[in-house]
Structure formats: C-alpha cells, structure tokens
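# Examination of the molecular architecture
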Amino acid sequence: MIRRAVLSCCLSVFVIITASQAADTVSVKLPTYTKTQLKNGMTLLLMEQHEVPIVSFNIIVKTGSVADAQGKEGLASLTAELLRKGTRTRTSEQVSSDLDFIGAEFAMNANTDFTTGSAEFLKKDLRQGMDLLVDIILNPVFPQDEVTKLIQQRIDGIKSAKDRADSVIGRYCAAYLYGKRPYARPVAGGDVSFPAITRADVQRFYETNYVPANTIFAASGDFITAEMRALIEQHFNGWPAKNPPAIRIDAAPPVQGKRLLLVDKPDSTQTYFYIGNVGINRTNPDRVGIAVVNTVFGGRFTSRLNTALRVDSGLTYGARSVFDQRKVAGPFLITTYTKNSSTEQAMDMALGVLSALHQSGITETELASTKEYMKGQFPPSIETTDQLASVIARLEFYGLDESDINSYFGKIDAVTIADTRRIVKQYFPLDNLVFVLIGKASEIQPLVKKYAPVIDTKVITQPGF
C-alpha cells in the first residue's frame, strides 16, 4: 500500500507539471520512441520517460472478438481474462500474490478489433515484474476449474446485467445495427454462447492468435532504450515464430431508411434509447473535423444535445453522441434515457437537435470555443507512462504514427465553417437512422411507431441479444 501511494503521488505531480506546460503552447508533440521487430516477428515500441521511476507496458494482440466463431461469442474475452488464472509455474493465487508483492498491476481485455493488456512496475522491480509478465503471457495453462468458474460468472453476470438496461443496450444495438457481421457479436459473450465454450476452445484460440507476429509490445518509462530492448529480447526471443490467421472484417454499409428495435423490459420506469447508424473508421481523413462537430453536437457537457435534453428541459441526466472509431466503420450513436412518460418528447427533442445541426450548422463562436476545449482536453490524455504506452501501441495497430498526434492541434485549427457544413451533411445521418430502445413496451410502443415503418421487438428475458 505504501508503494502504491508513493507511485500515485509521483504520477499526480507529473500530470500537473505537463498539463501546465501544455497550456502555454500552441501544439502538442508525442515524445520520440523507437520501433523494432524481433526475429520472431513481435513488434517492439520503446519510449523513454524519466520523470518518475516507473515502467508501463501495453500489449496488443491483433485479434479481438471479430475472431470469435459464431455460437462462441466471448471466446476472445474469456481467453484474455484467463491468462492470469495460472501458469506452468504459478497458480492463480500465486500470480495475484506475486503481483501484489511488488505493487504491480496487470490486466488483459478483449475488444472488437484487438485484445489489449497493460502492466506497470516500479523501476527497481522491473526484472522481477518482467519475469512475471512473460510467464503470464507465454505460459498460461487455463485450468479447467478456472474456465468453468469464469464461464458461470459470465452467464450470471449477463443475467444480472439485463436487470439494468444501460448495461446491455449497447449489445442490443450492435446486434441490430450490424446483423450477421463480426461487429454484431457481443465482446463479453452471451448467455447462449458461453455454455458452448470449452477449455479446448480457449487453448486453441490462445495457440492460434497469441503469437509473436500478431503482437505489439510497447513500453514507456524510466529505462534506457538499448537496455530495455536487450531485456525484452532476452525474454521473448524464445517465443516460437508463427503466422496468425488472416482476419478480414468487411465494412458494413450504412443502414438505409429507418429501423427500430424495441426491447421490452416490463418493469422499467425509464426508456433507454440509442439513435444512429454506421459511422467512420479510425483512419478516416475527416476524423478531426468530425470530432470538432461532434463535440458541439453531443461530445461535452455544454453540447447542444445535453443542453437541450438535460439543462433546459430536465428530461434526462445526460445525453451525448459518439463516433466509435474502429478498424472498419464503427457506430455513430446518440445515447440517452428518460422516464417512460417523456419518451416521445425526449426522442423528438434529440432528433430536433440533429435536424437543427443540418439546417443551421454550427456558429463561429461554437467553433472557436470547441477548438480551445479540445486542445485543452487532449494533453492530459497523453501524459502518464501508461497512457503513452497505450497510445503508441494503438497507433501501430491502426497503421498510424506520431504524426497523428503531432498534427492534431494543427488539424483542429484548420477546420473551417465550410468544413463543418460538409461534415454534417456527409457524416451525421438524418434520414437514415436506426433506433434501439429498452423500456416498458406496453407504455412506449404506441408512442414510437412514428419513428420507423416497422418495429422489431424482443423481450429482455429472451436469451441472447
């Protein structure tokens, strides 16, 4: 606990100093880092940061839930979580105890495009921490009792989550928006798929996808690059080279027309709703301009959506919009909730704010304010060593480099009113929309018929999403 408290203090000072410096500059620049490919194919990214005596690692396995077989959704996520549940030399309890002993952190989680892990050690514990990290990644044994226990926990968790509409509406929306495509699959799995997953499935997924050529290993912190490279090569060069299977993700076309899914939750006193369509990918050339417009529309507390639905009308405690940027186009979504009786009013208001964006665009005052807001919010997201390791690993995964960061302020400043008008028309759907609602159907179904020619329905107690 003392070690963790000292580390937290060091990090806080580092953040304050860096943020203060960033406020006096007109640009932000990512610290330099090196890129190397090991003999076995693993990509290594190293960034020295000597302000605090810690080293942070970020690992990306370039396979996520898109690789889950149909009927075995959640396999990538399950495999990631089971990594620390025992190795050839350590039980699950020993892994946790050894991490705690050096005040270290380790977590591994899957998302749609990839699986990501993070670890952090004090500099003085680096060698001990590296031994532990490599053991977890290279030598998992996936004990049957741990597999069985985690699967049951996941099934129980899904049943519990369905009692809270906000916990599952995103999964219903993904399934409805993307249909049979990989992005429709619930990353965390489902109550239908988990009973079909076996320990052999987990072992096979690991052996197929956790290979050097499929791995990005990023480190940021208090080290000398040459020494860190030698240490990592010493630990990972023995990892046998193997090519991972190619995973193709076909981009989903935007939905044409209007579609609506109503998920009946008979005991609900509130309606949660998402409105949107297929959006953009991570490398879309207009992504900075889109972020500027979206910040005005629904990306911050003072956005038009939140002002209309929360501040001015009190219909909700929060309304927002987001472009989820992925390998191929992720969703654009307007999200909020309201009490049953105000469902129609809230949905009409959200659509009205979207319509006004198309009709009148954004003002010069809004544009200037948003630019300053975005430039103020960005530096704290790339200050700490764990943030930096994560940033450079993700840049590598998406085929980007430091210019994505270094040019960010310049691209924000370059956005004009004419650009925003084009972006609104091109990327903010108005006539082609997908609606997903979770609420008490007996009360709200008559109210929402006007939003789409056909209403699809489910009951939340039905298996799956």
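Higher on the page you've got the structure.
Residues numbered from 1 in each chain as written. Predicted model: local features only at pLDDT ≥ 70, side-chain atom pairs only at ≥ 80, totals over all residues. Heavy atoms only, no water.

## Looking at the pairing of strand 7 (residues 258-264)
- Strand 7 sits mainly inside the fold: five of its seven residues count as buried.
- Sheet topology note: the strand 7/strand 11 (residues 433-439) ladder contains seven bridges and is parallel. Bridging across to strand 11, L260 finds its partner in F435. (Buried < 20%, exposed > 50% of the residue type's maximum accessible area, 1.4 Å probe, protein only. Helix = DSSP H or I, 4+ residues; strand = E, 2+ residues; numbered from the N terminus. Pairing = 2+ DSSP bridges.)

## Notes on the packing of aromatic side chains
- Throughout the structure, instances matching the rule amount to 19 aromatic pairs.
- Taking the centre distance of 5.4 Å and the plane angle of 45° together, the rings of F57 and F217 count as tilted. Of this pair, F57 sits in strand 3 (residues 54-61) while F217 is found in strand 6 (residues 215-221), placing the two residues 160 residues apart along the sequence. Here F57 matches F217 in class, with each residue buried.
- Consider the rings of F236 and W239, whose centres lie 5.9 Å apart with planes at 45°: the pair is tilted.
- For F236, a relative accessible area of 1% translates into the label buried.
- When its relative accessible area of 9% is taken as the criterion, W239 is described as buried.
- Here the aromatic residues F57, F121, F217, F236 and W239 are joined through ring pairs into a cluster of three or more.
- Above the plane of the ring of F465 lies K162, whose end atom (NZ or CZ) is 5.0 Å from the centre. (Phe/Tyr/Trp six-rings, centres within 6.5 Å; stacked < 30°, edge-to-face > 60°. Lys NZ or Arg CZ within 6 Å of the ring centre and 35° of its normal.)

## Considerations on the nonpolar core
- Core analysis: the largest hydrophobic core is formed by 79 residues, its most contacted members being F57, L133, Y172, F217, M228, I232 and F236.
- Residues from two domains meet in this core; each of domain 1 (34-236) and domain 2 (258-388 + 400-459) gives at least three.
- Ignoring sequence-local partners within four residues, the contact set of Y172 consists of K162, L261, V263, V436, I438, K458, I460, G464 and F465.
- Ranked by size, the runner-up nonpolar core spans 65 residues in total, among them A218, V288, L309 and M374. (Core = buried A, V, L, I, M, F, W, Y, C linked by side-chain atoms within 4.5 Å. Domains from an automatic or database assignment. Contact = heavy atoms within 4.5 Å.)

## Some points on the packing of helix 4 (residues 126-138) against helix 8 (residues 225-236)
- Here helix 4 crosses helix 8 at 35°, and the two axes come no closer than 10 Å. Where helix 4 crosses over helix 8, the handedness of that crossing is right-handed. Of helix 8, the residues touching helix 4 (which contributes L126, R127, M130, D131, V134 and L138) are M228, L231, I232, Q234, H235 and F236.
- Tallied by class, residues from the contact of helix 4 with helix 8 come to eight nonpolar, two polar and two charged. (Axes fitted to C-alpha atoms, helices over the stretch in contact; angles between N-to-C directions. Left-handed = near helix turned anticlockwise from the far one by under 90°. Nonpolar A, V, L, I, M, F, W, Y, C, P; charged D, E, K, R; others polar.)

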